[in-house]
Amino acid sequence: MDLNKLFKAMLVALPIMAMTACSTTSESETDATGTVGGTESGQVESGSGVETGGVAPVLTPEEQQRQKYQELRQENTIYFDYDRSSISADFSEVLNAHGQYLLDNPNVRVMVEGHTDERGTPEYNIALGERRAKAVAKYLQSMGVAAGQISIVSYGEEKPQDFSRTDEGFAKNRRAVLVY
């Protein structure tokens, strides 16, 4: 279901969900613990017998997108295939979230760190880490982020995330990290 249909369905259901139930309860039906009819009712106002409930606020599509981007920005690592510096489509939403944040906050700066696994010469890995960091910077700049907001550094193989020397460990080390 697309967001517009969902939003319209929520608008139709909103008046129904907003209705509250009213009841009266005699003193004899309420015991000393504040329960009605033997069950707890945390939403009964004391003495009134009226149950109240809240309706979650309906977010606009823009607010939903902002909230989604905020969650995506918690991810700050972009992973790369072996010996590659091209950005996988899997990370486009994460980079879009970071890019939008940087566009909305032009005073914020980000450092993009490029990393590699330990295979290859140190010189080659420094160059590959730099290409990875530059790929992320280029992606952000293509969104309109100012070049002055972005700096890059390559650590090559010097700061591994995983020391296991397995294929999974090597994959974790082939990355670019956005540091604010």
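Everything here concerns the structure above.
The rules behind these values
Residues numbered from 1 in each chain as written. Predicted model: local features only at pLDDT ≥ 70, side-chain atom pairs only at ≥ 80, totals over all residues. Heavy atoms only, no water. Helix = DSSP H or I, 4+ residues; strand = E, 2+ residues; numbered from the N terminus. Expected span 1.5 Å × (residues − 1). Contact = heavy atoms within 4.5 Å. Buried < 20%, exposed > 50% of the residue type's maximum accessible area, 1.4 Å probe, protein only. Pairing = 2+ DSSP bridges. Right-handed = clockwise from strand over helix to strand, strands pointing away. Lys, Arg positive; Asp, Glu negative; His and termini not counted. Salt bridge = Lys/Arg side-chain N within 4 Å of Asp/Glu carboxyl O.

Participant: What is the right way to read helix α3 (residues 92–104) from this model?
Facilitator: Side chains that are three or four residues apart share a direction in an α-helix, a result of its 3.6 residues per turn. Here α3 is 13 residues long and its end C-alpha atoms lie 18 Å apart, about the 18 Å a rise of 1.5 Å per residue gives. The inward-facing, buried residues of α3 contact α2 (61–72), β1 (77–79), β2 (110–115), α4 (122–142) and β4 (175–179).

Participant: What's the story with the pairing of β2 in this structure? I'm lost.
Facilitator: Each regular strand carries side chains that alternate between the two faces of the sheet. Within β2, five of the six residues are buried, which leaves the element mostly enclosed by the surrounding structure. Alignment of β2 against strand β3 (residues 150–156), held across six bridges, turns out to be parallel. By the bridge assignment for β3, V112 is matched with I152. Running through α4, the crossover from β2 to the neighbouring parallel element β3 is right-handed. Pairing analysis gives five bridges linking β2 to β4, with the strands arranged antiparallel. Bridge assignment links G114 to a residue of β4, and that residue is A176.

Participant: Quick question: what am I supposed to make of the side chain of R132 here?
Facilitator: The topology assignment puts R132 in helix α4. This buried residue, R132, is left without a salt bridge; D83 holds the nearest opposite charge, at 6.1 Å. For R132, the contacting residues outside a window of four places in its chain are F80, D81, Y82, D83, R84, S85, H115, T116, R174, R175 and A176.

Participant: Any chance you could explain the pattern of salt bridges here in plain terms?
Facilitator: Side-chain pairs of opposite charge can arise whenever the charged atoms involved come near each other. Counted under the stated rule, the structure contains six salt bridges. The residue K68 makes a salt bridge to E93 at a minimum N-O spacing of 2.5 Å. A residue pair is termed long-range when its members are at least 10 positions apart, and K68 in helix α2 and E93 in helix α3 qualify at 25 residues. Its relative accessible area of 35% is what places K68 among the partly exposed residues. In this structure, the salt-bridge partner of R165 is E118, at a minimum N-O distance of 1.9 Å. With a gap of 47 residues between them, R165 in the loop between β3 and α5 (167–173) and E118 in the loop between β2 and α4 connect regions that are remote in the sequence. Classification of E118 by relative accessible area gives partly exposed; the value is 37%. Here the residues in one salt-bridge network are D117, R119 and R174, joined through shared partners.

Participant: Any chance you could explain unusual backbone geometry here in plain terms?
Facilitator: Generally, phi is negative for residues other than glycine and the peptide bonds are trans, each holding for most cases. A positive phi angle, near 60°, is found at D83, a position not held by glycine. The topology assignment puts D83 in the loop between β1 and α3. Given the relative accessible area of 31%, D83 is considered partly exposed. Although it is not a glycine, R165 adopts a positive phi angle of roughly 60°.

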